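Spelled out, the chains give:
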Amino acid sequence: MRIFQSAHRLVLSNGSINFVRAASSQAQVFGSVTDDAATEARPYKEIPRPSKFEFVRAFLPGGEFHGVSIVDYSTTMRNRYGDLFIMPGMFGRQDLIASFSTKDIEMVFRNEGAWPQRDVFPSITYYRTHIRKDFYEGNLGIVNSQAEAWSKLRTALNPIFMQPKGLKVYYEPLSNINDLFIER
């Protein structure tokens, strides 16, 4: 992840399972990190990880993780590598850091800057910019927007979705969809 690659520091501590999907390349390199956190930090290259070959082989038929649930996969990886490990990036993708520490995740999100640069869903971006550009008119949405575009969209949506009355309109239709999904 870019924040760890640029800062080359991270803090190790225990916590529940969480995956750090991505972080900002515009990080304020741990501006609010405590002295304890800085002394416990390790270089990025020391974070344990399987090799790319081991990682791919494990998901192929006959591999250790073929057909295994994400919970079983996460538990095995945590037992093998500890509370913080790297899933190697392949096919042009960056490494993904998995953390089981809520403190690490909080630190990433508090220090990533005003305009975070996070991993997106390339298929959605392609669809919205090439296939249905007439419908989306350049708006990638809150999940796929980056940097200043994300900030503008988030600023516009926050007043609406951070208020219970703003969500009330969507509660019943989404609840019905959830119920149908559960029934299936």
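Refer to the structure above for everything that follows.
Here's what I pulled together on the structure shown here. (Residues numbered from 1 in each chain as written. Predicted model: local features only at pLDDT ≥ 70, side-chain atom pairs only at ≥ 80, totals over all residues. Heavy atoms only, no water.)

**Some details on the packing of aromatic side chains**
A complete count under the given rule lists eight aromatic pairs for this structure. Look at Phe59 and Tyr73: their rings are 5.4 Å apart centre to centre, the planes differ by 50°, and that puts the pair in the tilted class. Taken together, the positions of Phe59 in helix α3 (residues 52-59) and Tyr73 in helix α4 (residues 70-81) put the pair 14 residues apart, joining distant regions of the chain. The class for Phe59 is partly exposed, based on a relative accessible area of 36%. When its relative accessible area of 4% is taken as the criterion, Tyr73 is described as buried. Ring geometry for Tyr127 versus Tyr136: centroids 6.3 Å apart, planes at 70°, classification edge-to-face. By relative accessible area, Tyr136 is classed as partly exposed at 24%. Pairwise contacts between aromatic rings join Phe55, Phe59, Phe65 and Tyr73 into one cluster. Of note, Arg49 hangs over the ring of Tyr44, and the distance from its end group to the ring centre comes to 5.5 Å. (Phe/Tyr/Trp six-rings, centres within 6.5 Å; stacked < 30°, edge-to-face > 60°. Helix = DSSP H or I, 4+ residues; strand = E, 2+ residues; numbered from the N terminus. Buried < 20%, exposed > 50% of the residue type's maximum accessible area, 1.4 Å probe, protein only. Lys NZ or Arg CZ within 6 Å of the ring centre and 35° of its normal.)

**So, the side chain of Ser101**
Along the chain, Ser101 turns up in the loop between β3 (96-99) and α5 (102-110). Here the side chain of Ser101 touches Asp104 through a polar contact of 3.2 Å, landing on its backbone nitrogen. (Polar contact = N/O pair within 3.5 Å; in protein donor to acceptor, adjacent residues only side chain to side chain.)

**Quick look at unusual backbone geometry**
Located in the positive-phi region is Phe91, a residue other than glycine, with phi close to 55°. Structurally, Phe91 can be placed in the loop between β2 (84-87) and β3. The phi dihedral of Ala147 is positive, around 50°, even though this residue is not glycine. Counting through the fold element by element, Ala147 comes out in helix α9 (residues 147-161). You can call Ala147 buried: its relative accessible area is 17%.

**Some remarks on the pattern of salt bridges**
On inspection of all chains with the given rule, the structure shows six salt bridges. With a shortest N-O distance of 2.8 Å, Arg110 and Glu106 are connected by a salt bridge. On the criterion of helical spacing, the pair formed by Arg110 and Glu106 is a turn pair, its members being four residues apart in helix α5. Owing to a relative accessible area of 40%, Glu106 belongs among the partly exposed residues under this scheme. We note a salt bridge from Glu148 to Lys152, for which the minimum N-O separation is 3.8 Å. (Salt bridge = Lys/Arg side-chain N within 4 Å of Asp/Glu carboxyl O.)

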